[in-house]
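Single-letter residue listing:
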Amino acid sequence: MTVRIDYKLCNGCPKRAEGFCEEICPGDLFYRENEKAYLREPADCWDCFSCVKACPRSALSVELPFQISETRHRLTARVKKNHIVWRLLDRNGRTLATYNIPNRNGPLSSDTISFKNRKLKGSYE
Ligand code: SF4
Ligand code: SF4
């Protein structure tokens with residue numbers, strides 16, 4: 001598993017001394033160059049998802065291990081006030097499923113958790 005950077009979405013967090021991903025990574029793995037973020041040592045990534053949640057442009061995702069997904073599916077996130085919207089992406093960046101999970105500020109009742117799956121061909125139907 002490691003973090004993937006979508007360079008169409010990353011804008012390098014302009015006007016910030018550090019990008020949100022640089023600021024939060026516990027391994028200090030990010031640097032910026034020419035208004036884009038890069039990983040120094042992808043193999044050192046702990047898959048903690050902190051950067052994925054911190055990026056305001058959903059430019060980061062974590063590739064799932066082959067034991068879970070043989071086809072290089074990835075998870076990305078968008079943090080809202082009371083919940084986090086997790087999106088499962090295929091290798092082409094297409095959204096396969098969306099999961100709304102309350103965060104610690106949000107109500108923890110089961111009706112605040114929702115799952116939405118696209119109708120897909122093959123094993124996902
Ligand atoms: S937080 Fe997101 S948009 Fe900002 S530099 Fe990092 S990857 Fe790019
Ligand atoms: S998942 Fe965690 S360790 Fe890996 S790059 Fe992101 S913040 Fe750093």
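Residues numbered from 1 in each chain as written. Chains lettered and ligands numbered in written order. Predicted model: local features only at pLDDT ≥ 70, side-chain atom pairs only at ≥ 80, totals over all residues.

(A) Local environment of the overall build of the protein. Summing up its helical and strand segments, the protein has two helices and eight strands in all. Tracing the protein from N to C terminus, the helices and strands come up as β-α-β-β-α-β-β-β-β-β. Excluding contacts between residues fewer than 6 apart, the proportion of contacts in the protein whose partners are at least 24 apart in sequence is 35%. (Helix = DSSP H or I, 4+ residues; strand = E, 2+ residues; numbered from the N terminus. Contact = placed C-beta atoms within 7 Å.)

(B) Structural detail: the site of ligand 2. Taken together, 13 residues are adjacent to ligand 2, and C25, C45, C48, S50 and C51 come closest. Partitioned by chemical class, the residues of the shell around ligand 2 number ten nonpolar, two polar and one charged. (Near = placed C-beta within 6 Å. Nonpolar A, V, L, I, M, F, W, Y, C, P; charged D, E, K, R; others polar.)

(C) Spatial organisation of the nonpolar core. If you look at the biggest cluster of nonpolar residues, it comprises 16 residues, and the most contacted ones within it are C21, C25, F30, C51, V52, C55 and L60. Elements supplying a minimum of two residues to this core: α1 (20-24), β3 (36-39) and α2 (50-54). In this view, L60 contacts V3, I5, C21, C51, V52, C55 and T76; residues no more than four positions away in its chain are not counted. (Core = buried A, V, L, I, M, F, W, Y, C linked by C-beta atoms within 7 Å. Buried ≥ 20, exposed ≤ 12 C-beta atoms within 10 Å, placed from the backbone.)

(D) Here's a closer look at the environment of S58. Within the secondary structure layout, S58 lies in the loop between α2 and β4 (60-63). Counting along the chain gives 53 residues from S58 to I5, while the straight-line C-alpha distance between them is 9.2 Å. Ignoring any residue separated from it by four or fewer positions in sequence, one finds S58 in contact with L9, T76 and R78.

(E) Quick look at the pairing of strand β5 (residues 74-79). In this structure, β4 lies alongside β5, joined through two bridges in antiparallel fashion. When the sheet's bridge partners are listed, E63 is paired in β5 with R74. Both β5 and strand β6 (residues 83-89) contribute to a ladder of six bridges, which runs antiparallel. Looking at β6, one finds that T76 is bridged to R87. A loop of three residues connects β5 with β6, the two strands running antiparallel in sequence. (Pairing = 2+ DSSP bridges.)

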